[in-house]
Amino acid sequence: MKDTELIQRLKNRKQKALIQVMDCYGGYVYTIVRNIIGDQMQKEDIEETVSDVFYKLWVNCDKLDAD
């Protein structure tokens, strides 16, 4: 599925779309957070931060631009 389709499904509040985004991009987000935070936080804290990122995506999905 293309990202534009995922964005549209997120805007339509399809929970499966969020799960797909997390499956597809979760590793990337985790790596970015870990690289920014470094050794300052434990693994559980990094995972919590990643969860916060996807929560914010869900809450603000109406602001996404599919173009």
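In what follows, the structure referred to is the one given above.
All of the points below concern the structure found in this document. This is a predicted model, so every value here is computed, not measured.

1. Let's talk about the environment of Val21
Turning to its location among the elements, Val21 is positioned in helix α2 (residues 15-37). Note on Val21: relative accessible area 8%, which makes it buried. It is 8.7 Å that separates the C-alpha atoms of Val21 and Asp3, two residues lying 18 residues apart in sequence. Excluding anything up to four places from it in sequence, Val21 contacts Leu6, Leu10, Gly26, Phe54 and Leu57.

2. Brief notes about the pattern of salt bridges
Under the defined criterion, the tally for this structure stands at one salt bridge. A salt bridge links Glu47 to Lys43; its shortest N-O distance comes to 4.0 Å. Highlighted residues: Glu47 and Lys43, both in helix α3 (residues 43-59), separated by four residues, approximately one helical turn.

Each value, and the rule that gives it
- Residues numbered from 1 in each chain as written.
- Predicted model: local features only at pLDDT ≥ 70, side-chain atom pairs only at ≥ 80, totals over all residues.
- Heavy atoms only, no water.
- Helix = DSSP H or I, 4+ residues; strand = E, 2+ residues; numbered from the N terminus.
- Buried < 20%, exposed > 50% of the residue type's maximum accessible area, 1.4 Å probe, protein only.
- Contact = heavy atoms within 4.5 Å.
- Salt bridge = Lys/Arg side-chain N within 4 Å of Asp/Glu carboxyl O.

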